[in-house]
Amino acid sequence: MGRVQAAKKNILFGYVGQVVSLIMTYVLRTIFIMKIGKEMLGVNSLYANVLQLLNMADMGIGTALNFSLYGPVARGEKEKIKSYMQLYKKAYNYIAFAVCAIGLILVPFLKYLINLPEDFEVAQRDLILYYLIFLFNTVSTYFVAYKYSLANAEQKNYVQTNVITFTKIITVFFQIIVVLVTGNFYFYLITDAVIQLIQKIFVSKYLDNMYPYLKEKNIEKLSKDEEGEVWTKTKALVFHRVGDAFRLQTDQLIISPLLGTVMSGVVDNYNQIIVQTSNFVNIIFNSVISSFGNLIATEDKSKQYSMFKVYRFFASWVYGFSATGFMLLISPLVNIWLIKGGKVAPEEIGEWILPGVAVFLILTDYYFKGERIVLSNYKTAAGVFEQDKYLALIQGIVNLILSIWLVQTPLGISGIYVGTVVSGLIANMTKPVIIYRACFGMSAVNYYIDSFKYLVSMALVMGICYMIQQYVMPEPTILGFAAMMVIITVVFNGVYFLLYGRSEEFKYLCGKLKARKA
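Here is what the cut-offs are and how they apply
Residues numbered from 1 in each chain as written. Predicted model: local features only at pLDDT ≥ 70, side-chain atom pairs only at ≥ 80, totals over all residues. Heavy atoms only, no water. Helix = DSSP H or I, 4+ residues; strand = E, 2+ residues; numbered from the N terminus. Contact = heavy atoms within 4.5 Å. Areas by Shrake-Rupley, 256 points an atom, 1.4 Å probe, with all protein chains shown as cover. Core = buried A, V, L, I, M, F, W, Y, C linked by side-chain atoms within 4.5 Å. Buried < 20%, exposed > 50% of the residue type's maximum accessible area, 1.4 Å probe, protein only. Patch = residues over 30% accessible without salt bridge, like charges linked within 9 Å, V, L, I, M, F, W, Y side chains within 5 Å. Salt bridge = Lys/Arg side-chain N within 4 Å of Asp/Glu carboxyl O. Expected span 1.5 Å × (residues − 1). Phe/Tyr/Trp six-rings, centres within 6.5 Å; stacked < 30°, edge-to-face > 60°. Lys NZ or Arg CZ within 6 Å of the ring centre and 35° of its normal. Polar contact = N/O pair within 3.5 Å; in protein donor to acceptor, adjacent residues only side chain to side chain. pLDDT = per-residue confidence, 0-100. Axes fitted to C-alpha atoms, helices over the stretch in contact; angles between N-to-C directions. Parallel < 35°, antiparallel > 145°, perpendicular 65-115°, else oblique. Left-handed = near helix turned anticlockwise from the far one by under 90°. Nonpolar A, V, L, I, M, F, W, Y, C, P; charged D, E, K, R; others polar.

Draft legend 1. How the structure looks around the overall build of the protein. Along the backbone of the protein there are 20 helices and 0 strands. Of the contacts formed within the protein by residues at least 6 apart in sequence, a portion of 83% connects residues at least 24 apart. Counting only carbon and sulfur atoms, one obtains 66% of the accessible surface of the protein, whose full area is about 23900 Å².

Next comes the structure, spelled out in structure tokens:
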């Protein structure tokens, strides 16, 4: 299967899965708020964030080994694949035990993170047991996760997508029933844990059958140079993991103790809307990582650079479009969802809506994150880890200092996202220089010129759509919301077509689209 065909298949399965996941997640979250309440929604959001933070324990070895597999897979070297996978398995077993140990050590400190209203009673024992169920789900994942790497290296990301989608549907279906019948948070968590465990057992057997040679006992040990390359890249990735954790996984840990655990749930409503919707975008970009790995292993730098420019152009269009839509419609959507659906009384809606400044900062970071995803995905596929190994650590420190300081000023929750935006822009300014030099051997000046051009274009369209919104939807209504969705889609894509319809990148994408239809 060629690179383009593989990417298409990954994207197709990803979209189908995401549509189902989006609908089911929305239904479950609505019922959760009605039956279990905003307090436990906050606890659920906080614990999920804590476990995401613990996931940094893999310290990048998975990324380093995935990169190491691209070459052997492209060349069909089964013995070498077996050797790398054996190393991967051993490493992830150790990681599972490390995550378990660190997770248990954190138990006595949970009470300092949870800040629930005084009139809401929940036993400390229950809070600990809830957390342990989360920990079990995370730890057990490591005993299976490494097996997906080979399928992904073969550009068969849809295997993992299908499994995750099917499991998500089954899990959410049963969770909806459990919440409706019992309204019990324990049963909600246990349902997820049981289905996830069954899934992991099934996946392990399925992938063993898909790659039977991985069960063979005659496995050659990697040479010292090969192991050395993996560990060198892993050491560099340690800094990336720690820095990313400090930058991306600490907001809820600051919000909960300082602003209240309930606020964690409010923020998570916004995050879930952004994440679930933007996953449609991310499917495209994540689905081509393995294709880029194959491209880099088989093509010259000129071809690599031309494909990078197409990838980057497409990202700027899609992230610009989605950022514009989010910026104008996300708070009206939360308002319509919770009030029109009868989940929240109109006088309580202020408790569920974030300040406009906070929303602006969250979505500013979202747009610039789109640029960072392009750079990071290409960098990962190319195995460029050492040149910027300290960058993420610097970002993480900057984010923590600014967020903890500013959240205690009149800015409040908006101050946290000032830290997020500033720390993110450090990467937007420095990564292009590193990647262009390491991967293409050229200056990044044109990258910055294009970035400015794309940013101004998006701001122009957003301004036009904002003025239209004042007349079409002065107050949140379903009809006004639907009308604005159409207007933003037509105006944004129309303006971008006029501005960039003659570019080489746009012509390439149109050519691929026409070839697909032919």
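Draft legend 2. Just the nonpolar core, in detail. By size, the foremost hydrophobic cluster in this structure holds 114 residues, and its most contacted members are Tyr47, Tyr131, Phe185, Phe308, Leu354, Leu363 and Tyr417. For this core, the element with the most residues is helix α14 (residues 301-340), which contributes 17 residues. Filtering out sequence-adjacent residues up to four positions away, Tyr417 remains in contact with Asp251, Ile255, Val267, Ala358, Leu361 and Ile362. Core analysis: the second largest hydrophobic core is formed by 5 residues, Val144, Tyr148, Val163 and Leu207 among them.

Draft legend 3. Seen up close, a nonpolar patch on the surface. On the surface, Phe173, Phe174, Ile177, Leu180 and Val181 cluster together to form a nonpolar patch covering roughly 480 Å² of accessible area. Among the structural elements, Leu180 can be located in helix α8 (residues 157-182). Exposure remark for Leu180: the relative accessible area of 47% places this residue in the partly exposed category.

Draft legend 4. Structural detail: the pattern of salt bridges. In the structure shown here, the tally under the stated rule is 6 salt bridges. Close ionic contact of Glu505 with Lys309 constitutes a salt bridge, the shortest N to O distance being 3.7 Å. Linking Glu505 in helix α20 (residues 504-517) with Lys309 in helix α14, this pair joins segments that are 196 residues apart in sequence. In this structure, Asp450 engages Lys453 in a salt bridge whose closest nitrogen and oxygen atoms are separated by 3.3 Å. Taken together, the residues span about one helical turn, with Asp450 and Lys453 both in helix α18 (residues 445-472) at a distance of 3 residues.

Draft legend 5. Fine view of helix α2 (residues 38-54). Counted at 1.5 Å a residue, the expected span for α2 with its 17 residues is 24 Å, and the 25 Å between its end C-alpha atoms agrees. For α2, the buried fraction is high: 13 of the 17 residues fall into the buried class.

Draft legend 6. Seen up close, the environment of Gln276. On the secondary structure map, Gln276 appears in helix α12 (residues 261-287). The spacing of Gln276 and Val19 is 257 residues in sequence and 9.1 Å in space, taken between C-alpha atoms.

Draft legend 7. Representation of the side chain of Lys431. Topologically, Lys431 is positioned in helix α17 (residues 413-440). Note on Lys431: relative accessible area 10%, which makes it buried. Beyond its immediate stretch of four places on either side in the chain, Lys431 contacts Leu375, Ser376, Lys379, Asp388 and Leu391.

Draft legend 8. Just the packing of aromatic side chains, in detail. According to the stated counting rule, one finds 32 aromatic pairs in the structure shown. Each ring, one from Phe326 and one from Tyr366, has its centre 5.4 Å from the other, and the planes form 85 degrees; the classification is edge-to-face. Of this pair, Phe326 sits in helix α14 while Tyr366 sits in helix α15 (residues 356-382), and the two are 40 residues apart along the sequence. When sorted by exposure, Phe326 lands in the same class as Tyr366, which is buried. Three or more aromatic residues joined by ring pairs make a cluster, and in this case those are Phe313, Trp317, Phe321, Tyr454, Phe492, Tyr496, Phe497, Tyr500 and Phe506. Note that Arg312 overlies the ring of Tyr447, its terminal NZ or CZ placed 3.8 Å from the centroid.

Draft legend 9. Representation of the environment of Ala427. With respect to the secondary-structure elements, Ala427 resides in helix α17. A residue is classified by how much of its surface remains accessible, and Ala427, at 0% relative accessible area, is buried. Distance in space between the C-alpha atoms of Ala427 and Glu371 is 9.7 Å, their sequence separation being 56 residues. Look past the residues within four positions of Ala427 in its chain and what remains in contact with it is Arg372, Leu391, Gln395 and Pro432.

Draft legend 10. Quick look at the environment of Ser457. Position of Ser457 relative to the elements: it lies in helix α18. Each C-alpha atom, one on Ser457 and one on Trp317, is 9.7 Å from the other, the two residues being 140 residues apart in sequence.

Draft legend 11. Region of the structure containing the side chain of Asn137. Along the chain, Asn137 turns up in helix α6 (residues 124-145). A polar contact is formed between the side chain of Asn137 and the side chain of Asp192, at a distance of 3.2 Å. Excluding anything up to four places from it in sequence, Asn137 contacts Asp192, Ala193 and Lys200.

Draft legend 12. Structural context of the confidence of the model for the protein. Considering every residue of the protein, the mean pLDDT works out to 81; 81% of them sit at 70 or more. Per-element confidence in the protein is highest for helix α19 (residues 478-500), whose mean pLDDT is 94, and lowest for helix α13 (residues 289-298), whose mean pLDDT is 56.

Draft legend 13. How the structure looks around the packing of helix α11 (residues 251-259) against α17. At a closest axis distance of 11 Å, the pairing of α11 and α17 adopts a crossing angle of 160 degrees. Comparing the axis directions of α11 and α17 gives the class roughly antiparallel. As for how α11 packs across α17, the hand of that crossing is right-handed. Between α11 and α17, the contacting residues are Asp251, Ile254, Ile255 and Leu259 on the first element and Ile413, Ile416, Tyr417 and Thr420 on the second. Here the contact of α11 with α17 is composed, by residue class, of 6 nonpolar, 1 polar and 1 charged.

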